[in-house]
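Listed here are the chains, written in short residue letters.
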Amino acid sequence: PKPSDKQVEYLAFQLQIFPSYCYLWEDNMEIISNCPICQSQHIESFLEAKDYTVSGEYFKIVQCRNCDFLFTNPRPSAQEAGTYYQSENYISHSNTNEGIINKLYHWVRTITLRQKTNWISTYKQSNQLLDIGCGNGHFLNACKQAGWKVMGMELDPKTSEQARQNTSEKIVNHLHEITADETFQVISLWHVLEHVYELDEYFQFFKSHLKTSGKLLLALPNPKSHDAEKFKAYWAAYDVPRHIHHFTPKSIELLANKYGFKLVKSKGLLFDSFYISLLSNEYQSGKKKLISSFITGAFSNLKAFIFNGNYSSNLYIFEHAS
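Counting its regular elements, the chain contains nine helices and 13 strands. For the chain, the proportion of its 322 residues judged to be buried stands at 50%. If you take every contact in the chain between residues at least 6 apart in sequence, the share linking residues at least 24 apart comes to 68%.

In this section: the nonpolar core. With 39 residues, the main nonpolar core has Ile132, Ile187, Leu189, Leu193, Phe203, Phe206 and Leu216 as its most contacted residues. Only strand S3 (58-64), strand S6 (128-132), strand S7 (149-153), strand S9 (184-190), helix H5 (199-209), strand S10 (210-221), helix H7 (249-258) and strand S13 (313-320) provide two or more residues apiece to this core. By residue number, the principal contributor to this core is H5, which donates five residues. In contact with Leu216, other than residues within four places in its own chain, are Ile187, Leu189, Phe203, Phe206, Leu210, Phe261, Tyr316, Ile317 and Phe318. Residues Ile120, Ile171, Trp190 and Leu315 belong to the second largest nonpolar core, which totals 20 residues.

Our next topic: the confidence of the model for the chain. In the predicted model, the chain carries a mean pLDDT of 89, and the fraction of residues at 70 or more is 86%. Across residues 18-25, confidence stays below pLDDT 50; counting only partners more than four residues off in sequence or on other chains, it has 16 contacts.

According to the stated counting rule, one finds two cavities of 30 Å³ or more in the structure shown. If you add up the space inside the largest cavity, you get close to 80 Å³. If you trace the largest cavity, you find 14 residues lining it, with Lys50, Tyr52, Ala236, Asp239 and Tyr283 closest to the centre. Partitioning the lining of the largest cavity into residue classes produces nine nonpolar, one polar and four charged. In this structure, the second largest cavity is lined by Glu194, Leu220, Pro221, Asn222, Pro223, Trp235, Ala237, Tyr238, His243, His245, His246 and Phe247. Secondary structure elements with two or more residues in the lining of the second largest cavity: S10 and strand S11 (245-246). Within the lining of the second largest cavity, the residues separate by chemical class into seven nonpolar, four polar and one charged.

Another point: the packing of aromatic side chains. By the definition in use, this model includes 12 aromatic pairs. Aromatic pair Tyr52 and Tyr283: ring centres 4.1 Å apart, planes at 5°, arrangement stacked. Of this pair, Tyr52 sits in the loop between strand S2 (43-50) and S3 while Tyr283 sits in helix H8 (residues 270-285), placing them 231 residues apart in sequence. Ring centres 5.1 Å apart and planes at 75° place the aromatic pair Phe203 and Phe206 in the edge-to-face group. Placement of both Phe203 and Phe206 in helix H5 is noted, with a separation of three residues, approximately one turn of the helix. Of the two residues examined, Phe203 and Phe206, each falls in the buried class. Ring pairs connect the aromatic residues Tyr202, Phe203, Phe205, Phe206, Tyr259 and Phe261, which therefore count as one cluster. The ring centre of Phe139 lies 5.9 Å from the NZ or CZ of Lys116, which sits over that ring.

Calculation rules
Residues numbered from 1 in each chain as written. Predicted model: local features only at pLDDT ≥ 70, side-chain atom pairs only at ≥ 80, totals over all residues. Heavy atoms only, no water. Helix = DSSP H or I, 4+ residues; strand = E, 2+ residues; numbered from the N terminus. Buried < 20%, exposed > 50% of the residue type's maximum accessible area, 1.4 Å probe, protein only. Contact = heavy atoms within 4.5 Å. Core = buried A, V, L, I, M, F, W, Y, C linked by side-chain atoms within 4.5 Å. pLDDT = per-residue confidence, 0-100. 1 Å grid on protein atoms, 1.4 Å probe; cavity = no way out; pocket = protein on both sides within 12 Å on 5 of 7 lines; lining within 4 Å. Points joined across faces, edges and corners; volume = space filled by probe spheres on them. Nonpolar A, V, L, I, M, F, W, Y, C, P; charged D, E, K, R; others polar. Phe/Tyr/Trp six-rings, centres within 6.5 Å; stacked < 30°, edge-to-face > 60°. Lys NZ or Arg CZ within 6 Å of the ring centre and 35° of its normal.

Now the structure itself:
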C-alpha cells in the first residue's frame with residue numbers, strides 16, 4: 001500500500017540523522033522535528049540506548065546542534081508511554097525490598113529524605129509545598145512532618161492512590177486539577193521533568209502557581225557527568241524511553257530562562273552516582289560490580305566537586321527572574 005505522508009516524513013527523518021540504518025514505521029512512535037528548547041531543526045545522532053527495564057527495545061538519542069540539548073527521538077507517543085512503566089523493576093513506583101539494588105535504594109531514600117527537607121527549610125517564608133511526580137508520597141510525608149502544608153501530583157492512578165493513603169493529603173492526577181488560586185512557596189520535581197512531554201504546559205504552570213518569593217526545585221540526571229561519559233550508551237540514567245529529555249546544566253538553565261526563571265544555585269545529589277554506576281555496570285557486563293561501581297561513583301562526585309559541578313544528578317533551584 002502507498003505510505004502515508006507521516007510515514008514518508010518518518011523515513012526521511014530517520015535517513016537524515018541515521019543514514020546507515022533503515023527503520024520500519026511504528027504507529028506508537030512520534031518524531032520531534034524541532035528542538036524542544038530552541039526550536040532549531042539542526043538535529044544529529046548522539047547515541048542509541050537500550051530499554052533494560054521493560055521492553056528490551058533500542059531508542060535513539062539525538063542532539064540539537066544549536067543548543068546541545070539531548071532528547072529521545074523518535075519516542076513513544078504520550079498515549080503509549082504508560083506501557084513502558086509497567087514493571088515491578090521500575091523502582092520509583094515500587095515498595096519492594098527484594099534484591100540488593102532495591103535494598104540500597106530504600107536505605108538511601110531514608111537518608112535523602114532528611115537531606116531534602118533540610119534543603120527546603122531555608123525557603124519557608126510560607127509553608128505551601130507541591131511535589132509533582134510524588135510517587136508513593138514519601139517526600140510529602142517527610143515535609144508534612146517538618147511543618148509544610150503539602151499537596152502532590154502523580155499521573156499513575158495506582159501510585160497516586162498509594163500516596164493518598166500514605167499522606168492523607170490532596171493528591172491530584174493532573175495539573176489542571178489544581179485551581180488558579182492555589183499557589184506554592186516550593187514546587188519540587190525529583191527526577192520528573194525528564195519524563196514530561198508537555199514542557200510548555202509545565203513551565204507556564206510554574207510561572208502562575210509559584211509565589212513571588214517561591215523556589216522551583218528540579219532534580220535531573222546529568223549526561224555531562226563522569227559516569228555518563230564512562231558508560232556511554234550503558235549509562236542507566238538515560239533510561240529510554242521513559243526519559244525523553246536529557247538535561248545538562250546548560251540546557252535546563254536555557255529552558256528555565258525562556259520562561260522567566262533564573263538559577264539560584266545547584267547541588268550535587270551524591271548518592272545518585274553510586275546507584276547509577278551500579279545499574280550501568282550491570283547493563284554493560286551483566287554483573288553488579290559493587291567495588292567498581294563505588295569507585296566510579298566516588299570519582300564522579302570528586303571530579304564534579306573539584307572541577308565542573310557535573311554530578312551524576314544535580315538539583316537546580318530556580319526563582320522568578322523579576
